[in-house]
Each structure stands twice: as C-alpha cells, then as structure tokens.
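Listed here are the chains, written in short residue letters.
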Amino acid sequence: MKLLRFSNILMLLGFLVFSSSYGYAQSRDFYELKIYHIDSPEQEKRLDDYLAKAFIPALHRAGISKVGVFKPLLSDTKEAGTKVYVFVPYKSLEQFAQLPQQLEKDKEYLQSGKDYIDAAHNNAPYRRVETSLMRAFTGMPRFQESKLTSPKKDRVYELRSYESATEKLYVNKVKMFNEGEIEIFDRLGFNAIFYAEVIAGANMPNLMYLTTFENMDSEKAHWEAFRTDAQWEKMRVMEEYQNNVSRNDTRLLYPADYSDL
C-alpha cells in the first residue's frame, strides 16, 4: 500500500516537472478531497468522532491549519446521511506524501482515533472512500476561507465538478476560468474556497471548485446574477470556449460543526 502510494507520488512529480511549461511550476496549493460513503447513523457518528477528535487535531499539529468537513444538505433525502466530504489543503506535494508517516508517529492521534484506526473488518466506520488529488488554478493559487457569518447548519456549500470530453477541451475550460470566470465569481461574491485541476481521480478529465452561500435563497440569487452578468454573457458565446464541458456534477453541502472551513 505504501509502495503504491509512493510510486504514484513519483509519477505525479514527474508529470508536474514535465508540465512546467504549461504553468504547473508555479507555487500553488494541492488539495485532497476524500468522500466517505457511509451506510448508517452509527458509521457517521464514528467518523465524526474520528475526524473531530483525532484526524483534524493531528493535521493541525502537522502544520495544516484548516481542514474542511462537509455533508449533503439535510433536505437532500437521497444524499443526506450517505456521504462525508473531507477537504485537506497542502502547500506542496511533499507535504501530502509525508502526512501518512507523520500520523503513524503521532501517539495522540493513534490513541484518540483508536476506534476508527483499529476497527474490525466486520464493523468498519465507512463502506468505501473515494479520493481526488487536485492542484489549485493559477487564477486562485491558494485556498481561501469563506467570509460567511451565518450558522453553519444554514449554509450552502456548492461543490461542482466539470467534466470534459477530451483533455484538450478540459485544458480549455481551465483557461476559461483563469481568464474570466473566477473574476466574475469574485465580483459577484460567490465566496469560493478553491478552484482546482483534478490530477488524480475517478472522473477525469475534470476540474472542481467550491463556492459558499449564506443559505439556499442566497445560492439561487447569486446564480441568477451570474447567468445575467454582461461579462459572462459575452464570454459564454465566444467561439474558443464552445463545448468544453460535457457534464456538470453539482453537490449541495453544509459544513460540519467541527469543520475549520
């Protein structure tokens, strides 16, 4: 398992070096997004306890000051109680690669997370874990904390994945964000936490981003403002940006009480 992870890191390092001429050499965050698939309230409780009491405090000790934990809106009867999203920002690929070894040496983490770490094969705290590794866009090279002030239970965090039919069209959509879309979102107050290129995941080629709103009414109002924005109306019909998204997967979430973001 460790050997596989290390070999993957080496391949990614080679890719990033090879791709430096395309902007990859810039100093940008790396992001890990884990999606825990769960089957019961008991699993959710065990996972919450692990994340809040063991995993997040251990990451803080390891120099990662902000970790996001998000769940599907309770009003989403199909998704609520079935997934937990964990967002971890890294300053470098090396920091990502070194974290497992740091956790193995963290005695407080091993003790606090014992119920999760030492779970029996027939009493696991989740069903499966889905992971994506990403790198921040050049247009927003570091993640940002949301400026929202409403209670966390009322907030709407909108996670979007834009898939493209080919790698070339995907690169074109990333370019579209870096050269205009991010600016529009910022101007309209979408309070984005990150925009990122997926470099390892299940639905490539794709990009992902996370915007935040005080509540559902605010989410709807912001998207209506975006759709009618003059700069967007001009940009979306430009010939160079046509057909660069083949699928839009949108998830509406809210932050857990213990989430840093």
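Shown above is the structure to which this text applies.
Residues numbered from 1 in each chain as written. Predicted model: local features only at pLDDT ≥ 70, side-chain atom pairs only at ≥ 80, totals over all residues. Heavy atoms only, no water.

**Student:** Tell me what's going on with the overall build of the protein, and back it up with residues and numbers.
**Tutor:** Each helix and strand in the protein was counted, giving eight helices and eight strands. Relative to the compact-globule value of 18 Å for 261 residues, the protein shows a C-alpha radius of gyration of 19 Å, a close match. For the protein, the spread of C-alpha atoms along the principal axes amounts to about 55 × 45 × 30 Å. By the burial criterion, 47% of the 261 residues in the protein qualify as buried. Across the protein, contacts joining residues at least 24 apart in sequence account for 81% of those joining residues at least 6 apart. (Helix = DSSP H or I, 4+ residues; strand = E, 2+ residues; numbered from the N terminus. Rg over C-alpha atoms; globule rule 2.2 N^0.38 Å. Buried < 20%, exposed > 50% of the residue type's maximum accessible area, 1.4 Å probe, protein only. Contact = heavy atoms within 4.5 Å.)

**Student:** So what's going on with the sheet that holds strand β6 (residues 194-200)? Residues and values would help.
**Tutor:** Taken in spatial order, the eight strands close into a barrel running β1-β3-β2-β8-β5-β7-β6-β4, and their pairing is antiparallel. Neighbour-to-neighbour, the strand axes of the sheet open up by a mean angle of 35 degrees, direction not taken into account. In the packing of helix α7 (residues 216-227) onto the sheet, contacts are made with β5 (156-163), β7 (206-213) and β8 (247-255), and the angle to β5 comes to roughly 40 degrees. (Pairing = 2+ DSSP bridges. Axes fitted to C-alpha atoms, helices over the stretch in contact; angles between N-to-C directions.)

**Student:** Got a sec to walk through the packing of aromatic side chains? Specific residues and values, please.
**Tutor:** Here the structure, examined in full by the defined rule, presents 28 aromatic pairs. Relative to Tyr-195, the ring of Phe-177 has its centre 5.8 Å away and its plane inclined at 50 degrees; by these criteria the two rings are tilted. Here the residue Phe-177 occupies a position in helix α6 (residues 167-187), and Tyr-195 occupies one in strand β6, the gap between them amounting to 18 residues. Judged by centre distance (6.2 Å) and plane angle (25 degrees), the ring pair of Phe-185 and Tyr-195 falls under stacked. On the criterion of sequence distance, the pair formed by Phe-185 in helix α6 and Tyr-195 in strand β6 is long-range, its members being 10 residues apart. Among the aromatic residues, those joined into a ring-pair cluster are Phe-137, Tyr-162, Phe-177, Phe-185, Phe-190, Tyr-195, Tyr-209, Phe-213, Trp-223, Phe-226 and Trp-232. (Phe/Tyr/Trp six-rings, centres within 6.5 Å; stacked < 30°, edge-to-face > 60°.)

**Student:** Before we move on, can you summarise the nonpolar core with the specific residues and values?
**Tutor:** Judged by nonpolar contacts, the single largest core of 27 residues is most densely connected at Tyr-50, Phe-55 and Val-86. At the level of elements, β1 (30-37), α2 (41-61), β3 (83-90) and α3 (93-105) are the ones that each hand at least two residues to this core. Considering every element that reaches this core, the biggest residue donor is α2, with eight residues. By size, the runner-up hydrophobic cluster in this structure holds 24 residues, among which are Val-174, Phe-177, Trp-223 and Met-235. (Core = buried A, V, L, I, M, F, W, Y, C linked by side-chain atoms within 4.5 Å.)

**Student:** Pulling in residues and values, what's your account of the pattern of salt bridges?
**Tutor:** Overall, the coordinates contain 24 salt bridges when judged by the stated rule. We note a salt bridge from Arg-28 to Glu-197, for which the minimum N-O separation is 3.2 Å. Placement of the pair is Arg-28 in the loop between α1 (2-18) and β1 and Glu-197 in strand β6, with a sequence separation of 169 residues. Of the two residues, Arg-28 and Glu-197, both sit in the buried class. Across the salt bridge formed by Lys-45 and Asp-49, the nearest N and O atoms sit 2.7 Å from each other. One end of the pair, Lys-45, and the other, Asp-49, are both in helix α2, four residues apart, so they sit about a helical turn from each other. Owing to a relative accessible area of 48%, Lys-45 belongs among the partly exposed residues under this scheme. Relative accessible area serves as the criterion here: at 26%, Asp-49 is assigned to the partly exposed category. (Salt bridge = Lys/Arg side-chain N within 4 Å of Asp/Glu carboxyl O.)

**Student:** Tell me what's going on with α3, and back it up with residues and numbers.
**Tutor:** At Leu-99, α3 shows its largest kink, close to 40 degrees, and the proline Pro-100 lies no more than four residues downstream. Within α3 the residues assigned to the buried category are Leu-93, Gln-95, Phe-96, Leu-99 and Leu-103. (Bend = angle between axes of the 7 residues up to and from the residue.)

**Student:** Now, about α7: what can you tell me, with residues and values included?
**Tutor:** Between its first and last C-alpha atoms α7 spans 17 Å; for 12 residues at 1.5 Å apiece the expected length is 16 Å, and the two agree. Within α7, the full set of buried residues consists of Ser-218, Glu-219, His-222, Trp-223 and Phe-226. Looking straight down α7, one finds its buried side chains confined to an arc of 130 degrees; they lie on one side. Among the exposed residues of α7, those pointing more than 90 degrees away from its buried face are Asp-217 and Lys-220. Packing partners of the buried residues in α7 comprise β5, α6, β7, α8 (230-236) and β8. (Expected span 1.5 Å × (residues − 1). Arc of directions from axis to C-beta.)

**Student:** So what about the environment of Asn-243? Which residues, and what values?
**Tutor:** Along the chain, Asn-243 falls in the loop between α8 and β8. Given the relative accessible area of 66%, Asn-243 is considered exposed. The spacing of Asn-243 and Ala-165 is 78 residues in sequence and 8.5 Å in space, taken between C-alpha atoms.

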